[in-house]
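Residue strings, one per chain:
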Amino acid sequence: MWVSKTSVFVGLVLLCLSSHLSNGQDLTWKDTLGHPESPDSLKCEHNPSRLRFSQELDYSVSFSGFLFVNWLHDKNANQIMGLQNLKYRMIAENDQGFSISNQFNHNLGFQHYFDSITKVYIDDNTLTTKIDLRIKKNYTLAFSSNLTSRWLEGFDYSVNDSGKQTVILNSTFLTPLIWTFSLGVGVIWKDFGSLNLGLSGGKLTYIQQTKIFKIRHITEYYGVPAGKNHRFEYGLSLQFLVNKDFLKRLHWDCDLLLFKNYNAPVDLNLKNLIGIRINKFLKTSIQTRVFYEGKVSKNLQLENLVSLGFYVHL
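This report concerns the structure included in the present document. (Residues numbered from 1 in each chain as written. Predicted model: local features only at pLDDT ≥ 70, side-chain atom pairs only at ≥ 80, totals over all residues. Heavy atoms only, no water.)

### Some points on the side chain of Q103
By secondary structure assignment, the location of Q103 is in strand β3 (residues 98–113). A distance of 3.5 Å separates a polar atom in the side chain of Q103 from a polar atom in the side chain of R89. (Helix = DSSP H or I, 4+ residues; strand = E, 2+ residues; numbered from the N terminus. Polar contact = N/O pair within 3.5 Å; in protein donor to acceptor, adjacent residues only side chain to side chain.)

### Considerations on the side chain of K130
Structurally, K130 is set in strand β4 (residues 118–136). Judged by its relative accessible area of 6%, K130 is buried. A polar side-chain atom of K130 sits 2.7 Å from a polar atom in the side chain of S194. Ignoring sequence-local partners within four residues, the contact set of K130 consists of S99, I100, S101, F143, S144, S194, N196 and L241. (Buried < 20%, exposed > 50% of the residue type's maximum accessible area, 1.4 Å probe, protein only. Contact = heavy atoms within 4.5 Å.)

### Remarks on the nonpolar core
Of all hydrophobic cores here, the largest spans seven residues; its members are F53, L57, L86, Y88, M90, A92 and F104. Counting residues per element, the ones that place at least two in this core are β1 (52–66) and β2 (79–93). Top contributing element to this core by residue count: β2, with four residues. If you look at the next biggest cluster of nonpolar residues, it comprises six residues, including L169, I207, I212 and F213. (Core = buried A, V, L, I, M, F, W, Y, C linked by side-chain atoms within 4.5 Å.)

### Concerning the packing of aromatic side chains
Summed over all chains, the structure comprises eleven aromatic pairs. Between the aromatic rings of Y234 and Y262, the centroid separation amounts to 5.8 Å while the plane-to-plane angle is 55 degrees, which identifies the pairing as tilted. Taken as a pair, Y234 in strand β12 (residues 230–246) and Y262 in the loop between β13 (250–261) and β14 (266–277) lie far apart in primary sequence, 28 residues in all. The exposure class assigned to Y234 is partly exposed, which follows from its relative accessible area of 43%. Positioned over the ring face of F246 is K244, at 5.9 Å from the centre of the ring. (Phe/Tyr/Trp six-rings, centres within 6.5 Å; stacked < 30°, edge-to-face > 60°. Lys NZ or Arg CZ within 6 Å of the ring centre and 35° of its normal.)

### Focus on the pattern of salt bridges
Enumeration over the complete set of coordinates arrives at eleven salt bridges. In this structure, the salt-bridge partner of E233 is R231, at a minimum N-O distance of 3.1 Å. Neither residue differs from the other here; E233 and R231 are each classed as buried. Salt bridges sharing partners connect three or more residues here, namely D124, K271, R289 and E303. (Salt bridge = Lys/Arg side-chain N within 4 Å of Asp/Glu carboxyl O.)

Printed below as a string of structure tokens:
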């Protein structure tokens, strides 16, 4: 059931990202795109204000499992795990220094224990939008937006004093939704990445399912107090993005987002992925996620994922 939900969600996001591109039949993957020539455009071979579109799609899926026989420890640990990753990127730009880009990243992993439960252990969906206007060489005026939310329900699993397993909801779709946006200046390094400094920005934390307070018996959730469904913060932000290929087989994808509320410590969200293409359809990757937000936990949270699986690039 969750696979079908995910497929629908990914399809809707991709549709939204590309809906503003007219003449959809003219789109080509990872290639330049132009609208059909009009009589007026034929009079001028080059129009510097004309937008050029390009897009690319990466998808990978991997599986791993554990099967123990007559094992003295962890007798109930027989399990299978699956992980899928999807990245879609679209850029529209012209020769006058204007560009707009959208990037959607989706990570979904499940864990199935043969004798008990199936749970989602990673559900991360991020939509990043950037609008840049070049002011001098590689320097731009920049607006950036970063939306993140999970898609499926997440639970905490524990065993109570009577030995019975308990399941408690910890998050779900749009609970929370975190939107960080800013207006400022940026630096772009061609074929490498960009750095944006948000001189004026905000962070919105939205809770759709306010029942989470009663379910978890808490008075605050991701900084949102009970009785409210959102929290808005004003401050400064910094985002560092890398999308770089090395030697045609090694790829580095990095997204570092810092947000500083004037009255609180810095929030940190880092996603770093190193991918190695073994051949056309096989890829191994190491993904590291570092997360810190004082309203959620006083500890720096770190997660590492190593995968090997099927890979498609369009």
